[in-house]
Each structure stands twice: as structure tokens, then as C-alpha cells.
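Here's the letter readout for the chains.
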Amino acid sequence: MTNQRNLRRTVLPNGLIVLTERMDHLRSVAMGVWVKSGSRCESAEINGISHFVEHMLFKGTRSRSALNIAREMDSIGGNLDAFTGKETICFNVKSLADHVPIALDVLADLVLNPVFASTEIERERGVILEEIKIDEDNPDVLVHELFTQNFWKDHPLGKPILGTTKTVGRLDQQKLIDYHTGRFRGGNMVFSAAGNLEHDQFVQAVTEKFSALPPGEAMHELQTPQASARILLQNKKALEQVQLCMGVPAPPITDDNRYATLILNTILGSGMSSRLFQTIREERGMAYAIYSDLSPYSDTGSLCVYAGTSAGKALEVIDLVLAEFRNLKEVPLTDEELTRAKDQLKGNILMGLESSNSRMANLARQEMYFHQFFTAEEVIARIEAVDAAQIQAMAQRLFVPDRIAVTLLGRLSGIKLNRERLVC
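Attention in this report is confined to the structure presented alongside it. Given the structure is predicted, the values throughout are model-derived calculations rather than measurements.

About the cut-offs
- Residues numbered from 1 in each chain as written.
- Predicted model: local features only at pLDDT ≥ 70, side-chain atom pairs only at ≥ 80, totals over all residues.
- Heavy atoms only, no water.
- Pairing = 2+ DSSP bridges.
- Helix = DSSP H or I, 4+ residues; strand = E, 2+ residues; numbered from the N terminus.
- Axes fitted to C-alpha atoms, helices over the stretch in contact; angles between N-to-C directions.
- Contact = heavy atoms within 4.5 Å.
- Salt bridge = Lys/Arg side-chain N within 4 Å of Asp/Glu carboxyl O.
- Buried < 20%, exposed > 50% of the residue type's maximum accessible area, 1.4 Å probe, protein only.
- Parallel < 35°, antiparallel > 145°, perpendicular 65-115°, else oblique.
- Left-handed = near helix turned anticlockwise from the far one by under 90°.
- Nonpolar A, V, L, I, M, F, W, Y, C, P; charged D, E, K, R; others polar.

1. Regarding the sheet that holds strand β7 (residues 231-235)
Pairing is mixed in the open sheet, where 5 strands are placed in the order β7-β11-β8-β10-β9. Edge positions in the sheet fall to β7 and β9 (290-296), since each has one partner strand and no second. The mean inter-strand angle of the sheet, taken between neighbouring strand axes irrespective of direction, is 15°. This element, helix α9 (residues 258-269), spans β9 and β10 (301-309) of the sheet and lies at about 165° to β9.

2. Here's the deal with the pattern of salt bridges
Should their charged atoms come close, side chains of opposite charge can pair. Applying the stated rule across the entire model yields 24 salt bridges. Put simply, E122 and R125 hold a salt bridge, and the shortest N to O gap is 2.8 Å. Of the two residues, E122 and R125 both sit in helix α4 (residues 118-137), 3 residues apart, roughly one turn of that helix. A single salt-bridge network, built from bridges that share partners, covers R64, E72, D105, D109 and K209.

3. Structural notes on helix α10 (residues 275-283)
Among the residues of α10, R275, L276, F277, T279 and I280 are the ones counted as buried. Of the surrounding elements, those touching the buried residues of α10 are α9, β9, β10, α11 (314-330) and α12 (335-352). G285 sits one or two positions beyond α10 and adopts a positive phi of about 60°.

4. Some thoughts on the packing of α11 against helix α15 (residues 388-398)
Interhelical geometry of α11 versus α15 gives an angle of 135° and a closest axis separation of 7 Å. Taken together, the axes of α11 and α15 lie oblique to each other. The handedness of the crossing between α11 and α15 comes out as left-handed. Contacts between α11 and α15 pair L328, K329 and E330 from the former with Q392, A395 and Q396 from the latter. When grouped by side-chain class, the residues that make up the contact of α11 with α15 number 2 nonpolar, 2 polar and 2 charged.

5. Quick word on the pairing of β10
Burial of β10 is extensive: 9 of the 9 residues sit out of reach of the surface. On β10, burial covers both faces: G301, L303, V305, A307 and T309 on one face and S302, C304, Y306 and G308 on the other are all buried. Direction of pairing for β9 relative to β10: antiparallel, over a ladder of 7 bridges. Bridging from a neighbouring strand, D293 pairs with C304 of β10. What sits between the antiparallel neighbours β9 and β10 is a turn of 4 residues.

6. What about the environment of E221?
Within the secondary structure, E221 sits in the loop between α8 (199-210) and β7. The exposure class assigned to E221 is exposed, which follows from its relative accessible area of 69%. Considering only alpha carbons, one finds E221 and H55, 166 residues apart in sequence, at a separation of 25 Å.

7. Examining the pairing of strand β8 (residues 242-249)
In terms of burial, β8 is largely enclosed, as 8 of its 8 residues are buried. Side-chain alternation along β8 places V242, L244, M246 and V248 on one buried face and Q243, C245, G247 and P249 on a second face that is also buried. Examined bridge by bridge, β8 and β10 share 8 bridges and lie antiparallel to one another. Each bridged residue has a counterpart across the sheet, and for G247 the counterpart in β10 is C304. As paired elements, β8 and strand β11 (residues 405-410) share 5 bridges and run antiparallel to each other. Paired with C245 across the bridge in β11 is T407.

Here it is, written out as C-alpha cells:
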């Protein structure tokens, strides 16, 4: 394993940070424009605007129609995509190294010169309203959404990335243009690329395309949310299963103990050898899907357990999850289980580094959250350094009965759940 990642970083005069990682053995390049602004940076009345703007950028620029954008990408076998998160919007493209000039031209045009045509806005509004319905029809997505809204109650972090039927219905051309002008600025963006490229040449090409990007930061102060430990039982008669989310506040993305949290989550509910999977699915056959998940953000985070089970078993599943929380707090891990979880985590990280897309994303995230870069070796050393006592201490810090939030969704007749039950 080589210690050297071929990383370079240049800041353009307008503040845009350009990061590259050279991967000579590839024939392609993955590149992404990252905006440090997502759904948690929206006020309540424009909830969903980041995602709406992301959609609109594909709908035509001053020199290309939506169809031209699609055709040009297909003609070079390129892959153009985008996503909106709670704290970022990303536009990315992957193409053969030979086709980088075309791919970069399309990406830059799309990000810098959208037209936001009224007819396109109306059409895309219809598309997004359908997307919202898909999530409402999908019980495991819906239960996570309900959980998040209640967990970060009355805070932008709890609001849906897609917005709501009501807020999306209200977004007009001027609001979209203002958002784009205000957030798409040099000091609020990162351009990362990984693959078969040469840094100085690449920076020159990016400079030519992005010199028109206005400088400046986006003006928004993030308020750190307070998590609320609510118990929400929501009836939905049409569902066969009861959907269940149980969660607690967790450390932010840059927390010094983040590796202990990652290993704790791996042991609890990540993968087939995890305790939740083994206990609830393998030993008891009470759920098909059961897992735990970490959602870390810049200033806070959550650890959430998800399960789908029958109404008659829902409370027992909750008790079993609480028993695993208690066990992690009270009983130190064996060396064998700790080693297995570390190896699983290391495998995931190293396999992730095999794809240029994930390296491109990894570069941008490290820049945005850490303002520095960690080699795979440094990360693995940090994972190796975690001991059983640190994991037990983290379990004691996280699994506090008063801080556990629960959302149940489904046919809940007869299910009663109160705080007294949530002992761990």
C-alpha cells in the first residue's frame, strides 16, 4: 500500500478551490462541483429550493437546451449526475480522459449559465411533486423522514431535502435565480477531480471555464439544532408492516472520537454479522431489514436504528434494540469482535478508494469539513488505535434513555409506547 496519494490543491482568484488526485492507472476522470449549501441552509418558506435549483440546472443554459446537454454527454459516453444533501449540492460528471474538455465545458455551462425558463420551472415543479409522492409511498423512506422532522424539530436540519408539496408549489423564477446568484460563488464552492489528469493543465482548464464565477462567500449562519427525544406513533392503515426508527444524538463529522463512533455503529447494526442483524433477524426472525446508521453533520449528528416488523412484534423489537444498547454500555467488547469490526471498516474504506468517483467525493468532503487531507494509512491508524474502553465510553455517552427518540409508522392499533419502556 503506497503512502503517497497524488493530491494537489489550488485556490483560484475568485476563491474557488480546485482539488485533484492523479490516478494514472485509470482511463477516466471523475469531477464534481460542490456547493457548500444544502437544505439546512434554507428558511422554512423556501424549503426544497436547493433541490429545485439542482434540477433546474439540467434544464438548459444560455447556449444549450436540456436535450443538447443530454445528447452531448451520451455522445462521449459520459455520466452526468447531481444530488442535494442537507449541507451540500453536488454536480458531477465522469468521462474518459480524452473527453474531459467536453465534459468540463458542459459541467461549467450547466453550473454557471442556467436560464431558469418559466415553462421549464413549471414542468420541473411537476416532476419534483411526483418525486415527493414517491417518498410518501415508500414506507421506509417515510418513517426516516418523519423521524428526522421530529428529531430536529422546528429546525432546517429536520426539514425534507425535497421540500413539501406546499413549499415547492410556491417557489418562483425570481427565488430560484436569487438562490443561484447568492450561493453559487467562488468562496462557497469546491471543484474536485480524480483520475487520469495532470493538475496544472486541469487547473488552467477550470480557470478558463470558471473565471466568470463571482467571488464571495454565501451569507448564512448555521444554528446548531437541539435534538428532541420525541415518541411519535403515526397510523398508516395501508401498511402491512410497522416501520420503526429509534435514534439518539451523535457527534458531528469532525469529532475527535469519530472512529469510536464508527466502530460502535458497525458492531451495533452495520452488516450481516452486526448484533442487531444476528439477534433480531437471524436468531428471532422478527425482521427482514434491520440496521443502524450514522448521519454526521458539521455541528451535530444522529445514530438511528431502523427495522420493519409486524405490529405484534414491534414492542419486542424495541426491547431487543434497547438490550443491545445496554449491552454495549455495560459489557466491554471482546478482542475478536473489535478486530472484526475494524477489519470490516478498513475493508469498506479501502474498497471505496478504488473508484475515482468516491475519491473525488472524499477530496471535496475532507476539504469542506476538515480543511486537510488524510491518507488511507492515517485513517487506518486511527481506526486501529480505538480500544474497547473508548467504545464502551461512547456507548455510555450516546445511549441515554432520556435522549432516545422513536417513530413508529403503520397499523398501530393497540400499540402503546411510553418513556418508561425506553430503559437501557
